[in-house]
Amino acid sequence: MNYDKLSLEFEDDFQSGELNTEKWLPFYLPQWSSQEATRPNFCFRAGQLVLKITDDQKPWSQEFNGNVKVSNLQTGVYSGPLGSKLGQHRFAKNLIVREEQPLQTTYTPQYGYFEIRCKIPKVGIDNVFALWMIGIEDQPNRSAEICIVEIIGAKQPKKGAKVGYGLHPFGDSQIEDEFYEDEFDLDVKDFQTYAVNWTPEFVEFFINGKKVRRVHQSPDYPMQFMLNIYEVPVPSHNPKDNTYPKEFIIGYIRGYNHKIN
């Protein structure tokens, strides 16, 4: 990517050792649970953010998502009234707002170049690590997802890494599902950089500065970021065999806008 054509507008390199709440909201889709029940486990180590799943962590929404556990930071939140069905990221049909969330945003760009530098010390079979973007859903159709990177432990090959990326429509009828899981010659235990170039005409995906794919469709509304580590039950795996904490280490996240010539 030619950085000369970009202008940095968002950056967190986590050097302060404290969570910058002007940039991040420390919870996960709280409208389907609560802010308190979805607060993440995290720490800072050697100038890096460490998102964690711990042995005593509770599922974030047993009512709607079973025993899935997650530690997440996001850059926006919104829902309809208590008891309504209006809220961000409707991943299931039976979702009901359990805690109303007034509109709050810290960073919700529309188009730009966005990148994360991260590593995963140990990829558990029941873990998922991801950075993705979703619409605010102030209108139900503004609900597509741009997934910058998703590492699913249960799908990892013996050598290299299987990386998920692409678009999901959810409630956006203008977007077709176009999600890919490709294998790459890299080690997720080491720092890697994953990025997306989002334009009005297309979305491009990059790994370590190399373009891996362009998709010829694009959401046309602002989107927020979701940064997380999950523990997702795997039928063949006994979670009692897990070693905790599970960690997702982030060196930085940056957002650029496209310079206007």
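Our structure is the block above this text.
In this text, all values refer to a predicted model and were calculated from it rather than measured experimentally. (Residues numbered from 1 in each chain as written. Predicted model: local features only at pLDDT ≥ 70, side-chain atom pairs only at ≥ 80, totals over all residues. Heavy atoms only, no water.)

## Side note on the overall build of the protein chain
We count it as follows: In this text, helices come from DSSP runs of H or I with a minimum length of four residues, and strands from runs of E with a minimum of two, each type numbered from the N-terminal end. The size measure is the radius of gyration over C-alpha atoms, and the globule rule it meets is 2.2 Å times the number of residues to the 0.38 power. Here the term buried applies to any residue with accessible area under 20% of the maximum for its type, exposed to any over 50%, and partly exposed to those in between, with areas from a 1.4 Å probe on protein chains only. Residues count as neighbours in contact if any of their non-hydrogen atoms are within 4.5 Å of one another. Only four residue types enter the tally: Lys and Arg on the positive side, Asp and Glu on the negative side, with His and both chain ends excluded. A single reference atom marks each charge: NZ on Lys, CZ on Arg, CG on Asp, CD on Glu.
For the protein chain, the count of helices and strands is one helix and 16 strands. Against the 2.2 N^0.38 benchmark of 18 Å for 261 residues, the protein chain shows a C-alpha radius of gyration of 18 Å, consistent with a compact globule. Summarising its shape, the C-alpha atoms of the protein chain cover approximately 55 × 45 × 35 Å along the three principal directions. Burial statistics for the protein chain: of 261 residues in total, 53% are counted as buried. Restricting to contacts in the protein chain with at least 6 residues of sequence separation, those with at least 24 account for 68%. Each charge sign in the protein chain was given a centre, from 28 positive and 35 negative side chains, and these centres are 5 Å apart.

## Quick look at the sheet that holds strand β8 (residues 127–135)
What counts, and what does not: What makes two strands pair is DSSP finding at least two bridges between them. In this analysis an axis means a line fitted to C-alpha atoms, helices contributing only their contacting stretch, and an angle means the value between N-to-C directions, from 0 to 180 degrees.
The antiparallel open sheet is built from six strands, whose spatial order is β4-β15-β8-β9-β10-β11. Of all strands in the sheet, those with a lone pairing partner are β4 (69–74) and β11 (178–184), marking the two edges. Recorded for the sheet is a direction-independent mean angle of 15 degrees between the axes of neighbouring strands. Bridge count between β8 and strand β15 (residues 223–231): nine bridges; the pairing is antiparallel. Bridge assignment links L131 to a residue of β15, and that residue is L227.

## Let's talk about the environment of Q217
Mapped onto the secondary structure, Q217 falls in the loop between β14 (210–215) and β15. A relative accessible area of 12% means that Q217 is categorised as buried. Distance from Q217 to L167, taken between C-alpha atoms, is 8.9 Å for residues 50 residues apart in sequence.

## Re the packing of aromatic side chains
Using the following cut-off: Only Phe, Tyr and Trp rings are paired, with Trp represented by its six-membered ring, and only when their centres lie within 6.5 Å; those with planes under 30 degrees apart are stacked, over 60 edge-to-face, the remainder tilted. Whether a charge sits over a ring depends on NZ of Lys or CZ of Arg being within 6 Å of the ring centre and within 35 degrees of the ring normal.
What the rule picks out here adds up to 18 aromatic pairs. On the basis of an interplanar angle of 10 degrees and a centroid distance of 4.4 Å, the ring pair of F10 and Y107 is categorised as stacked. Of the two residues, F10 sits in strand β1 (residues 6–12) while Y107 sits in the loop between β6 (104–105) and β7 (112–119), which places them 97 residues apart along the sequence. With respect to burial, F10 and Y107 carry one shared label: buried. Considering the side-chain rings of Y165 and F205, the 5.2 Å spacing of their centres and the 50 degrees angle between planes classify their relative orientation as tilted. Remark: F205 occurs in strand β13 (residues 203–207) and Y165 occurs in strand β10 (residues 161–168); sequence separation between them is 40 residues. The exposure class assigned to F205 is buried, which follows from its relative accessible area of 1%. Taken together, the ring pairs connect F10, W24, Y107, F114 and F225 into an aromatic cluster. Lying over the aromatic face of Y252, R254 brings its terminal NZ or CZ to 3.7 Å of the ring centre.

Keep in mind these values describe shape, not function.
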